[in-house]
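Next come the chains, spelled out residue by residue.
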Amino acid sequence: MPGILREWYNNYMRIEEKELRLTKTRIEALHQLGISDTEELFSYYPIRYDILNSSDIETWQVKQNVTFEGTVTGAVRHWGYGKKTNVIFSVQAFDRILKITVFNRPWAKSLTDGQLVTIRGIYMGKDKVTATSYDLKPLSEHPLITPVYSIKAGIQQRTIRACMEKVYAQLVNEIPDLIPEQYIQRYRLLRKAQAIGSIHFPESENDIRQAYRTLKYEEFLKFFLTIQAVRDEEGEGIVKEPKRFDRNKINAVIRSLPFSLTKDQEKTLHEILEDLSSPHIMYRLVQGDVGCGKTVIAALALYACCLSGQQGALLAPTEILARQHYASLQDILAGTGCRIELLYAGLPAKEKKEILDKLENGETDIVIGTHSLLQEGVQFRKLGLVIADEQQRFGVEQRRRLKEKGERVDLCLMSATPIPRTLASTLYGDMDVSTIETLPGGRKMPVTKYIRENSFRSVLDDVNRVLAEGHQLYVICASVEKNEDYHARDVYETAQNLQKLFKDYKVGILHGKMSSAEKDAVMNRFQNNEIQVLVSTTVVEVGMNVVNATGMIIYDAERFGLSQLHQLRGRIRRGNAQGYCWLLSSSAEEKAQQRLSVLEKTDDGFQISFEDLRLRGPGDILGTKQAGVPDFILGNVIEDTAVIRQAQNDAKYMMENRQDPDFIRAVDWVLDRARSHVSFMD
Ligand code: ADP
Ligand code: MG
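> Would you mind showing me how to read the packing of helix 9 (residues 263-276) against helix 10 (residues 294-307) here?
When two helices pack together, you describe them by how their axes are tilted relative to each other and by the distance separating the axes. One way to put it is that helix 9 packs onto helix 10 with a least axis distance of 10 Å and a crossing angle of 25 degrees. In this view, helix 9 runs roughly parallel relative to helix 10, as classed from their interaxial angle. Regarding helix 9 and helix 10, the two cross each other, and that crossing is right-handed. In this structure, helix 9 contributes Gln265, Thr268, Leu269, Ile272, Leu273 and Leu276 to the contact, and helix 10 contributes Val296, Ile297, Leu300, Ala301 and Ala304.

Take a look at the structure:
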């Protein structure tokens, strides 16, 4: 590691290793929030700010939040016992006497005549204020702006604020700038240390704006530098031996399908076959909405590879999906002579060894499995093509491992989170992109209703109708078991309640913590309609294909990303019957409400991911991170197009002139990261 880089890394050490003088409790709290080093701490940005409103009483509106300073006058009275108390006193402020009420703060009764207080509360009209908090510091000592962080139950805002202050004070002089000096000057950006200070401890709204400008630019610059770095690195090994195969044989399989390919499917297949037969390594993203028919494209591409005398691998994100692909491929490629195997974790050792041997000897043409296919010990005789399905995480590291499996392997990623074409070419700048826009005909958009409470009482009749018609129902919960820190409906309790409610039907449970055998058993019973109501986590998100299931209830819908919800309801868009989806959420947040209403209006995956990205804010990083799109904390890929373009150009220039001393720090940082853990579709 070059010296300058080491210096950078030393600043960003793991929190417990660095002498940060934080208490154990505080370190524990940070860990709970997923913060383990100082870089993560500094980029744990506030989700919003409370701005102190110290306006004059003349401008106050009823129900408005107000903050003011005054002097207690006269007696302080109180009622009630213990924590259920009610304290009333008068305060002289703005040359008037205001009547203050404080609920459930018994200690307020110790206020005395003549004491100076600063009160925060709600103006009730007629010189009355209900205080939400008060203290004995003068107003001038209160910060004008208070950052608010996303926290979990049991952790307090002031804990994270205190950690931030403490660590920042200790490291402020050691934080180096990653953005080159010339760009800081040109765009009038802040120094990194100042930007971090301003975003966490702003003194004005302008501070926040300036910090955002700098940190967003840095985020995008890092991203594009990384893309550029990877592209450069791959540039050398790009040539391969073209694959040769008989297109007539592929056309014969297409003719044998029970449907004809859509125009977009044909075009995508054509692009892939061209890549395979070209002298360049394929690195292509195929993106298309759920149900647009990507599997058949994968099957045909793998077949082409097999015809060229090489082996192909299909990676699925879950075992359930791997099994389904195995069944589909056997079906699609029946009679071609293609030898297909399924490799999964729970396979008995003996069978597993047989499959591994066959792969190594070249007796298997296509292997389907999860990520474990990329592990050591899996050897191919001649691997020519890897297709990663629904693969959101396929970083540089996986690509490296892949390269070790075979020589010059073609790679195709399939994503069901499509993003608009122009955006795709920017964000996936290191890949070629094929887009399947149209769905096969005959599919109906599920009727989607957003219910503003976390209970489906109001649609019980509709739900009953779905069941009475002989159709099945999915019920999606955000968590498996009851969890103190995470107040969401859980699978177990929900299933119990629903079984009581739907006495005539069988309720089943499915979640990721079950063993594969248990999962399989439940899936089969649902498939065979022995279970009518399946209460599940998002494990059904990908793959599940039960045509008779036409209803879906999603609890705590605001906890999911829009694209994820769209994927989920894709499960009830499998057949020709009308599907119904109920999104339940008691969230009062305007943004959550806006997001959920989008799904009522549109079924277009592109539009949905666009809205998802647009409505994303810094706070969404915890819960509703969108799969398949790079992870910008502050940057918004829809709204920040100007910065994006700037950063993209600058990154290109920097990589071309990387010997410029002003660029060295950023370039080194990126090269080092690109080799270790950055992943593009993360
Ligand atoms: P996804 O793109 O979500 O992976 P799948 O490949 O699972 O979609 O396809 C969904 C369903 O659509 C499958 O049952 C598949 O057989 C069917 N299908 C695929 N292509 C077509 C087509 N051109 N016409 C009709 N049905 C199709
Ligand atoms: Mg699929």
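> Any chance you could explain the environment of Glu218 here in plain terms?
Assignment of secondary structure puts Glu218 in helix 7 (residues 205-235). In this structure, the C-alpha to C-alpha distance between Glu218 and Leu178, residues 40 residues apart in sequence, is 7.6 Å. Setting aside residues no more than four positions away along its own chain, Glu218 makes contact with Leu178, Ile179 and Lys192.

> What am I meant to see in the pairing of strand 5 (residues 116-125) here?
Working note: regular strand, side chains alternate between the two faces of the sheet. Here strand 2 (residues 65-81) pairs with strand 5 via seven bridges, running antiparallel. Bridging across to strand 5, Gly70 finds its partner in Val117. Taken together, the seven bridges between strand 5 and strand 6 (residues 128-135) define a ladder with antiparallel strand orientation. Residue pairing in the sheet places Arg120 in a bridge with Ser133 of strand 6. Counting the residues in the hairpin turn of strand 5 and strand 6 gives two residues, including Lys126, whose phi is positive at 50 degrees.

> It is not clear to me how the sheet that holds strand 3 (residues 84-93) should be interpreted in this structure. Could you clarify?
Note on sheets: strands pair through backbone hydrogen bonds, and any given pair is parallel or antiparallel. Around the barrel, which closes on itself, the five strands sit in the order 2-3-4-6-5 with mixed pairing between neighbours. If you compare each strand with its neighbour and ignore which way they point, the axes differ by 50 degrees on average.

> Would you mind going over the site of ligand 1 with me for this structure?
Residues in close proximity to ligand 1 total 15 residues, the closest being Ser260, Gln265, Gly291, Lys294 and Thr295. Within the backbone of Cys292, a nitrogen or oxygen atom sits 3.4 Å from an oxygen atom of ligand 1. Between Lys294 and ligand 1, the recorded distance is 2.9 Å, taken from a side-chain N or O atom to an oxygen atom. Surface burial for ligand 1 is 77%, taken as the share of its 570 Å² of free accessible area covered by protein chains.

> When you look at the confidence of the model for the chain in this model, what are you seeing that I'm missing?
Reading fine detail from the predicted coordinates is not recommended where pLDDT is low. Residues at a pLDDT of 70 or more form 90% of the chain, whose mean pLDDT is 85. In the predicted structure, residues 618-628 sits below a pLDDT of 50 and forms 33 contacts with residues beyond four places in sequence or in another chain. Scored below 50 in pLDDT, residues 677-682 makes 28 contacts in the model with residues more than four places away or belonging to other chains.

> I keep staring at the packing of aromatic side chains and nothing clicks. Help me out?
Each aromatic ring pair is summarised here by two numbers: the centre-to-centre distance and the angle between the ring planes. What the rule picks out here adds up to 16 aromatic pairs. Ring plane angle 15 degrees and centroid distance 6.2 Å describe the contact between Tyr580 and Trp582, whose orientation is recorded as stacked. Over the ring of Tyr344 we find Arg323, and its NZ or CZ is 4.5 Å from the ring centre.

> Mind showing me how you'd approach the pattern of salt bridges here?
Pairing between side chains of opposite charge can happen when their charged atoms approach one another. All chains considered together, the criterion is met by 26 salt bridges. Asp462 serves as the salt-bridge partner of Lys449, at 3.5 Å between the closest nitrogen and oxygen. With Lys449 in strand 15 (residues 447-451) and Asp462 in helix 15 (residues 460-468), this pair connects stretches of sequence that are 13 residues apart. Residues joined by salt bridges that share partners form a network here, namely Lys267, Glu271, Asp275 and Arg284.

> What's the story with unusual backbone geometry in this structure? I'm lost.
Comment: phi is negative for the bulk of residues other than glycine, and the bulk of peptide bonds are trans. The backbone of Phe94 sits at a positive phi, close to 50 degrees, despite the residue not being glycine. Mapped onto the elements, Phe94 comes out in the loop between strand 3 and strand 4 (96-103). We classify Phe94 as partly exposed; its relative accessible area is 29%. Of note in this structure, Asn104 is not a glycine but carries a positive phi near 55 degrees. Mapped onto the secondary structure, Asn104 falls in the loop between strand 4 and strand 5.

> Can you help me understand the sheet that holds strand 15 in this one?
Strand order in this open sheet of six strands is 15-20-19-16-18-17, and the pairing throughout is parallel. The sheet terminates laterally at strand 15 and strand 17 (507-510), the two strands that pair on one side only. Taken over all neighbouring pairs, the strand axes of this sheet differ in orientation by 20 degrees on average, direction set aside. For strand 16 (residues 472-476) and strand 19 (residues 549-554), the ladder comprises five bridges, and the chain directions are parallel. Paired with Gln472 across the bridge in strand 19 is Ala549. Here helix 15 sits on the sheet in contact with strand 15, strand 16, strand 18 (533-536), strand 19 and strand 20 (580-584), set at roughly 145 degrees to strand 20.

Calculation notes
Residues numbered from 1 in each chain as written. Chains lettered and ligands numbered in written order. Predicted model: local features only at pLDDT ≥ 70, side-chain atom pairs only at ≥ 80, totals over all residues. Heavy atoms only, no water. Axes fitted to C-alpha atoms, helices over the stretch in contact; angles between N-to-C directions. Helix = DSSP H or I, 4+ residues; strand = E, 2+ residues; numbered from the N terminus. Parallel < 35°, antiparallel > 145°, perpendicular 65-115°, else oblique. Left-handed = near helix turned anticlockwise from the far one by under 90°. Contact = heavy atoms within 4.5 Å. Pairing = 2+ DSSP bridges. Near = heavy atom within 4 Å. Polar contact = N/O pair within 3.5 Å; in protein donor to acceptor, adjacent residues only side chain to side chain. Areas by Shrake-Rupley, 256 points an atom, 1.4 Å probe, with all protein chains shown as cover. pLDDT = per-residue confidence, 0-100. Phe/Tyr/Trp six-rings, centres within 6.5 Å; stacked < 30°, edge-to-face > 60°. Lys NZ or Arg CZ within 6 Å of the ring centre and 35° of its normal. Salt bridge = Lys/Arg side-chain N within 4 Å of Asp/Glu carboxyl O. Buried < 20%, exposed > 50% of the residue type's maximum accessible area, 1.4 Å probe, protein only.

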